[in-house]
Amino acid sequence: MDRPGESLKSSDVRDHNLGLVLASLEKAGSASRTQLAETTGLVRGALTALIAELIEVGLVRTSPVDPKPVEVTPPPRARAGRPQEKLELDGSRLAVLGVQFTPDRIHLCVVDLAGRSLLRRELAFRAPYGDPEALVAILVEQMEEVFASKIVGSPSIVQWVFAVPAPVFTSTGVIPIAIDLGWHDVDLARLVSDRIGVPRLGIRVVNDANAATYAEFNSLWRNPETAGVTDLIYLKSDTGIGGGAIVAGSILLGANGFAFEPGHVSVVPDGIECECGRRGCLVTVAGPERVVSLAGLDAYAVDNGLEAALQEVVRRFRASESAAVAAVGEAVRWLRLVLENLVVLFEPQYIVLGGYLAEIVDEFSALPVPVHAYTNPWATSGSGPEASERPPASSAALGALDGAILQARHDLLSSPGPLRTA
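Presented here is a report on the structure given in the accompanying data block. (Residues numbered from 1 in each chain as written. Predicted model: local features only at pLDDT ≥ 70, side-chain atom pairs only at ≥ 80, totals over all residues. Heavy atoms only, no water.)

As for its placement among the helices and strands, Asp231 is situated in the loop between helix 6 (208-222) and strand 10 (232-238). Within polar-contact distance, the side chain of Asp231 engages the backbone nitrogen of Ala248 at 3.1 Å. Apart from residues lying up to four places away in sequence, Asp231 is in contact with Ile246, Val247, Ala248, Glu347, Pro348, Gln349 and Tyr350. (Helix = DSSP H or I, 4+ residues; strand = E, 2+ residues; numbered from the N terminus. Polar contact = N/O pair within 3.5 Å; in protein donor to acceptor, adjacent residues only side chain to side chain. Contact = heavy atoms within 4.5 Å.)

What follows is the structure in structure tokens.
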């Protein structure tokens, strides 16, 4: 008779090994069974069974064979036997739906488990302040339109992920406060599930800044030039000021999931009261609403939304219009101060800027010297000093929605057991 817990342990080990195979294929692009045995450390017999299972569920497939040039004199084969077939990640039958929203806009995207984008939608709207149920009604309406659309490949959507502009309890998914939306203690997943049937693997709710941070880290990690990155700081300004930190390869979450809220770092002792209840927060002196107001674009923001107003600020800044130059300069002064302190505290290898800050990245070239020296990325573009021993900064290449879906995909692929019955 099996000892208590033995079957569960065996199941967990099998799930872990399935995840190893999928992770190896995603990183390699394609690989033979021999190569997979080397990268995963699994014996051939066990690997053969795992691959058969993954092929059956549609997560792995045989890689298409590239046509080979005809050789006049073929080289002798080292040994008899058929050429080893290549395998690659499939995942075309299963997909994740991602939803990101701000006070001004909704983004929706369907991505299959191999990372192929199958559908994207965007909607400009004005979020009802302080009324999460009204916003959820709009979200569900947009989601139902997605489901009614012809999605490439007609995959089964196994999970939904929401990237929200607010902190999220990691244990429950509850949003304790969303200042820009006027929310308090909102269980977004429950509000959605009350209106529409959810997929078998449920709903994830994640902080948008952490999701964007994950996307940027993954992008840098996969780039051969920056593949050694383990620590970075991400700072964005669009709805408020947010950000995230990767420390030793993992997102810094804190005890409850609220770590790293740079917008609410106090920079002005006894400054004006912030909506969070503290005084002198960074967002009160350098937040997007403050920048728009100093640039004289309050009315523009009312008519067109905050995102459009920030784009207009950038346009006027580039055109050297005095009010916009002064507004951006004031914000950058405070933002750079916080970044300088974050560099001292976290010793990042890389700094990534998002939101409208990505459009003015050159304004952040003079950052302090970290312990680890890196070449200034502007050296080859003719902007800034030729070289500098400071963490390089760059514009964010990806967004919160990409990161939220990427995280969901990686979690599902690393532990694919539930996908076998999804």
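Okay, back to it.
Take the sheet that holds strand 5 (residues 117-124) next. The strand order 5-4-3-6-9 describes an open sheet built from five strands, whose pairing is mixed. This sheet does not close on itself; its edge strands, each paired only once, are strand 5 and strand 9 (203-207). For this sheet, the mean inter-axis angle between neighbouring strands, taken without regard to orientation, is 15°. Of the strand pairs in this sheet, strand 3 (residues 94-101) and strand 4 (residues 105-112) are connected by seven bridges, and their pairing is antiparallel. Opposite Phe101, over in strand 4, you have Ile106 as the bridge partner. Packing against the sheet, helix 6 makes contact with strand 6 (156-164) and strand 9, and its axis sits at approximately 85° to strand 9. (Pairing = 2+ DSSP bridges. Axes fitted to C-alpha atoms, helices over the stretch in contact; angles between N-to-C directions.)

This brings us to the state of the cysteines. Following the criterion strictly, the structure yields zero disulfides and no others. A disulfide-free cysteine, Cys276 has its sulfur positioned 3.7 Å from the sulfur of Cys274, the nearest such atom. When its relative accessible area of 31% is taken as the criterion, Cys276 is described as partly exposed. Free cysteine: Cys281, not disulfide-bonded; nearest cysteine sulfur from Cys276 at 3.7 Å. (Disulfide = S-S within 2.5 Å. Buried < 20%, exposed > 50% of the residue type's maximum accessible area, 1.4 Å probe, protein only.)

Interaxial distance between helix 6 and helix 12 (residues 400-414) falls to 7 Å at its minimum, and their mutual angle equals 75°. Compared by their axis directions, helix 6 and helix 12 come out roughly perpendicular. Residues Asp208, Ala211, Ala212, Tyr214, Ala215, Asn218 and Arg222 of helix 6 form the contact with helix 12, whose own contacting residues are Ala400, Asp402, Gly403, Ala404, Leu406, Gln407 and His410. For the contact of helix 6 with helix 12, the class distribution of residues is seven nonpolar, four polar and three charged. (Parallel < 35°, antiparallel > 145°, perpendicular 65-115°, else oblique. Nonpolar A, V, L, I, M, F, W, Y, C, P; charged D, E, K, R; others polar.)

We now examine the side chain of Gln407. Relative to the helices and strands, Gln407 resides in helix 12. If near-sequence neighbours (up to four positions away) are discounted, Gln407 is found in contact with Arg204, Ala211, Tyr214 and Ile251.

Phi angles above zero are rare outside glycine, and Ser154 is one such case at about 45°. With respect to the helices and strands, Ser154 occurs in the loop between helix 4 (132-148) and strand 6. With relative accessibility at 58%, the residue Ser154 sits in the exposed group. Here the phi dihedral of Glu347 falls at roughly 50°; this positive angle occurs in a residue that is not glycine. Tracing the backbone shows Glu347 in the loop between helix 11 (322-346) and strand 13 (350-355).

Right, let's talk about the environment of Glu56 for a bit. Relative to the elements of secondary structure, Glu56 occurs in helix 3 (residues 44-57). For the pair Glu56 and Arg420, spaced 364 residues apart in sequence, the C-alpha separation works out to 8.9 Å.

This part is about the nonpolar core. Across soluble globular proteins, nonpolar side chains show a tendency to be buried alongside one another. If you look at the biggest cluster of nonpolar residues, it comprises 48 residues, and the most contacted ones within it are Val21, Leu36, Leu59, Leu113 and Leu419. No other element matches the eight residues that helix 12 contributes to this core. Sequence-distant contacts of Leu419, defined by excluding residues within four places in its chain, comprise Val57, Leu59, Leu94, Leu113, Val158, Leu201 and Leu412. Judged by nonpolar contacts, the second largest core, of 41 residues, contains Ile233, Ala286, Leu310 and Val332. (Core = buried A, V, L, I, M, F, W, Y, C linked by side-chain atoms within 4.5 Å.)

As a further point, take the packing of helix 2 (residues 33-40) against helix 3. Closest axis-to-axis distance for the helix 2/helix 3 pair is 10 Å, and the angle between their directions is 110°. Considering the angle they form, helix 2 stands roughly perpendicular to helix 3. As helix 2 packs across helix 3, the resulting crossing turns out to be right-handed. Two secondary-structure elements touch here, helix 2 through Arg33, Thr34, Leu36 and Ala37 and helix 3 through Arg44, Leu47 and Ile51. By residue class, the composition of the contact of helix 2 with helix 3 is four nonpolar, one polar and two charged. (Left-handed = near helix turned anticlockwise from the far one by under 90°.)

Let's shift gears to the packing of aromatic side chains. Enumeration according to the criterion identifies four aromatic pairs in this entry. Geometrically, the ring pair formed by Phe147 and Trp160 is stacked, given 5.7 Å between the ring centres and 25° between the ring planes. With Phe147 in helix 4 and Trp160 in strand 6, the pair connects residues that are 13 residues apart, well separated along the chain. (Phe/Tyr/Trp six-rings, centres within 6.5 Å; stacked < 30°, edge-to-face > 60°.)

Before going further, it helps to examine the pairing of strand 8 (residues 183-186). Two strands pair when backbone bridges link them, and strand 7 (residues 175-178) and strand 8 are joined in this way by three bridges, in the antiparallel orientation. By the bridge assignment, Ala178 is partnered in strand 8 with Trp183. Here strand 7 hands over to strand 8 after four residues, with Gly182 in that stretch at a positive phi of 75°.

Working definition: two side chains of opposite charge can pair if their charged atoms are close together. One pass over the full model with this rule turns up 21 salt bridges. The shortest N-O distance in the salt bridge between Asp411 and Arg204 comes to 2.8 Å. Here the residue Asp411 occupies a position in helix 12, and Arg204 occupies one in strand 9, the gap between them amounting to 207 residues. Residue classification places Arg204 among the buried residues on the basis of a relative accessible area of 18%. It is possible to trace a salt-bridge network through shared partners that takes in Arg61, Glu88, Asp90, Asp112 and Arg116. (Salt bridge = Lys/Arg side-chain N within 4 Å of Asp/Glu carboxyl O.)

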